[in-house]
Amino acid sequence: MRPKKFSQGVLPLLAGSLLFSCSLPCSAQVEGVTPDSSAPPGKCGNEEILDIGSGKCRRCASNLMKSPDGLRCVCAPGPSPRPPPVDCRDCNTFPLRTLWETLFLDSSFLACNNTCNEAACQMLTNMVTLQAFSLQNRAYDLYTKTKSPDLPQLWYSRSETSFPRVSFGRNSQIRLKATKYDARGNFLGWEDVSGETLQLCPGSQNVLNAAFMFGTSYNRSCSLDISRLLQRDPEPTFYELFLQYDDEKGNAQWWPVPVENPAITTSSSASLSSWAFRRFFLVDGLSGRKHNLTDPPETVTLAAGLILSVYLPTSNPGNQPPFLLTVEYVQRSNPGIVQASFSVTYIQSPGTAQQTTDISFGVFSSLAVLYSLLKVSSWARRSRLQNINLMIIVKFFAYLAGSLANVFFLITLGIGIYWLIVFKSLDLVHLLITQLTVSIFLIDWEKPRQKGVQRTPTGGDQRAASSVSAWRTFLIANEWNELQTHRKANPFFQLFATLLLLEVVGLKNLASRDLNVNLYPGSDAPLAPWSPILRFGIAASVRLAIGIVQVLISVGLCERFVGNKIQQFADLCSLSNVSVFILMHRCYGFYIHGRSVHGHADVDMDTMHSYLQKEEENLCPLRGLEANSDIQTFEVLLTDRTRALYDKINLPLAEAPRGTQIRSDIHDQRLRSYHALNRFLTSFLEHRYKDMDYVVKNKFLLERILDVEFQEPGEVSVLYNDENALFGRVLFYNHELTLLIFETLVFCSVDLGAQDFVLGALVTLVVQKLAQILRGVLGKRNLAEKTLVEKQFLI
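For the structure given in this document, a descriptive report is provided here. (Residues numbered from 1 in each chain as written. Predicted model: local features only at pLDDT ≥ 70, side-chain atom pairs only at ≥ 80, totals over all residues. Heavy atoms only, no water.)

Some remarks on the overall build of the protein chain
A tally of regular secondary structure across the protein chain gives 19 helices and 25 strands. Put simply, the protein chain has 795 residues, and 47% of those count as buried. Residue pairs at least 24 apart in sequence account for 70% of intrachain contacts in the protein chain once pairs closer than 6 positions are excluded. About 40500 Å² of surface is accessible on the protein chain, with carbon and sulfur atoms providing 57% of the total. (Helix = DSSP H or I, 4+ residues; strand = E, 2+ residues; numbered from the N terminus. Buried < 20%, exposed > 50% of the residue type's maximum accessible area, 1.4 Å probe, protein only. Contact = heavy atoms within 4.5 Å. Areas by Shrake-Rupley, 256 points an atom, 1.4 Å probe, with all protein chains shown as cover.)

Written out as structure tokens, the structure is:
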């Protein structure tokens, strides 16, 4: 609830309460506002405060009490030693600038300094915060002269608390909390910072909340009518921002986020360079009221620009705090229009690699200068030039340009190889790990037509034997196994075409260090040495161009007019009455709906032919999951509850030993777990669980472009319609660019070292083949473990 507007009748009463508050509670509460006085909510006991520096809860001394925000100890009502009274008549030479200061600045200073009134100290601090452009004023001078222990901290000191080590994972949320105060110093409570808390620009909750998704660079701006803005915020609300995180032991901690105001000036520049503020506001429509506090303000001060800077890595902060909020205040006339913005930026802190690069540039550039001097000196001596003239200077800069070019290339080449080894190799390793650890299950929709009774080989328990065949599941598993390394571009054709263009057509001759553009130099023609940078450019350009052409032909022609293996796999699932359920991450994955519209797929050839003829003549329902829909592929976003039950059912299946030489009781346990998981997923897809239901919807355009989900699943899971067969992300198929860039860098790195395109092609072929074998073998193993299809059945 927002604080009420001030009226003329309230002003004398408030002034009196500030001056004579020894008989009043230390923090007068705003009528209708019930602040949450926990510190922060749920962290400490009723009589304890949270020490931000240590992250621990502690009790206050006997003569002190817990502050409303739960972060400090303030004076308790009753007899307690106080600082000597301070008379404010001659304590300050600065003039009173606003009506608000005239009425309450001196009285809040006296009440804070001489009485037990924590709200008066908060009010004095708020008046200093309202001075958004200068600290050379009466409010800040009185603040520095206040001796009360109840006075809140205005500045954030780097030495006040250590920087937190915060780790964020994929789709992690930046958890921020804020304490809020009104202009009179009353505590309004703790608030979880969401999208609309700090953003003046309107928008949907999902769009605004995207600002606090870690790793999402965010920028939103708009034009605002000041009069409407004042209707939303008639009086300023003051915030102190805190980052909520978990320490190494998993305990919740809070760290104050420093606030920077680049527009403010002070007589002491040292304070602003080494300290930051703790408190800020968004809209000040109070200071601009001239004659009466009930009149509209003539000017308004507002935070037109807020920038939340995140310094990476947050898990290992250096001298820079991991989070910093920059507030850019402007003052505008009322009425009027103002431009407002809110952005979140991520800044990579220079690491050892960057420092090494800078040092290398410095050292080798110095050597290049010395080498150029040596060269120009030799040239001058050979030219018999005794004095320095214009030609010697021009020659020096020419040698220097060539030397610096070689220096830049050598260092850039080293950086390129470093990227290849550290980043691109890690990218490929990350791709392999992600794909080789997916959870996949084949859902069999086939129902038994007859049942019999069959005894176990040991003559023990009886179990039902059905007519449902396992070969349909084996067929789908084999097709999936073949698709795991299927690619849009052919690696063998890629290397053959590359060598054809470079060696036979002669494009490699464009990399010579001369101005000739001759693909077929004669045997008697002088051959200039190779330029490494040109050779790299030619080789990389040719390989990338061939790869892009292959992808375009594959997607635009072959898959459209010849056959699309990905789409054919979905059709085969429908004919086999088998669905594929894939979880790429814990609660995110893909679903291929393969339930047959005919009810059965375990039939003879004639019946299957009749099924296909019915579909061709539109005499049966569509194959889609929903009625009157032919969409068979979906993105899946599960709730935590659904995934937890999935893991619980799948646990015996995942932990049981595998192979043909296992005990019959363990084999029976695996079969029971398999059938239980199959029943669970079929029941889930048929909406039988009301407490674990799902909805089918389309993604928004921005969600499809950014590949994110702005909406949380809530109480129900979500299946997003997927017409592009995105389940190829768990295959090589949808990562052609990553593989192409990796192979290009291997090819170019070998060639730059050996100056031999043929050797580079052979090494690249071996590396590509090893990656394919590794993906195939380990993918086959993962498929066998997750689907209960033994490896000997996977051809």
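And the narrative resumes.
Comments concerning the side chain of Ser 439
With respect to the secondary-structure elements, Ser 439 resides in strand 18 (residues 439–444). The residues contacting Ser 439, other than those within four sequence positions of it, are Phe 581, Ile 582, Leu 583, Tyr 646 and Lys 786.

Side note on the side chain of Ser 67
Among the structural elements, Ser 67 can be located in the loop between strand 3 (64–66) and strand 4 (73–75). There is a polar contact of 2.5 Å between the side chain of Ser 67 and the side chain of Asp 69. Among the polar contacts listed, one links the side chain of Ser 67 to the backbone nitrogen of Leu 71, at a separation of 3.5 Å. Filtering out sequence-adjacent residues up to four positions away, Ser 67 remains in contact with Arg 72 and Val 74. (Polar contact = N/O pair within 3.5 Å; in protein donor to acceptor, adjacent residues only side chain to side chain.)

Concerning the pairing of strand 24 (residues 694–697)
Here 4 bridges tie strand 24 to strand 25 (residues 717–721), and the two strands are oriented parallel to one another. If you follow Val 696 over to strand 25, its bridge partner there is Leu 719. Handedness of the crossover joining strand 24 and strand 25 through helix 17 (residues 701–706): right-handed. (Pairing = 2+ DSSP bridges. Right-handed = clockwise from strand over helix to strand, strands pointing away.)

Notes on unusual backbone geometry
Cis geometry marks the peptide bond from Asn 334 to Pro 335, where omega comes out at 5 degrees. Take Pro 335: it is sitting in the loop between strand 16 (323–333) and strand 17 (337–348). In this model, Asn 618 sits at a positive phi of 60 degrees, which is unusual for a non-glycine residue. With respect to the helices, strands and loops of the structure, Asn 618 is situated in the loop between helix 14 (605–616) and strand 23 (633–637). The backbone phi angle of Asn 628 is positive, close to 60 degrees, even though this residue is not glycine.

A word on helix 3 (residues 118–129)
For helix 3, with 12 residues, the first-to-last C-alpha span of 17 Å sits near the 16 Å given by 1.5 Å per residue. In terms of burial, helix 3 is a largely internal element, 12 of the 12 residues being buried. Of the positions making up helix 3, those classed as buried are Glu 118, Ala 119, Ala 120, Cys 121, Gln 122, Met 123, Leu 124, Thr 125, Asn 126, Met 127, Val 128 and Thr 129. Among the residues of helix 3, the N-terminal cap falls to Asn 117, whose side-chain oxygen and the backbone nitrogen of Ala 119 are separated by 3.2 Å. (Expected span 1.5 Å × (residues − 1).)

Overview of the pattern of salt bridges
For the structure on display, the rule yields 26 salt bridges. The salt bridge partner of Glu 686 is Arg 595, with a shortest N-O separation of 2.8 Å. Of this pair, Glu 686 sits in the loop between helix 16 (664–685) and strand 24 while Arg 595 sits in the loop between strand 22 (588–592) and helix 14; the two residues are 91 residues apart in sequence, bridging distant segments of the chain. Note on Glu 686: relative accessible area 23%, which makes it partly exposed. Here Arg 595 falls in the partly exposed class, since its relative accessible area comes to 31%. A single salt-bridge network, built from bridges that share partners, covers Arg 487, Arg 543, Glu 736 and Glu 743. (Salt bridge = Lys/Arg side-chain N within 4 Å of Asp/Glu carboxyl O.)

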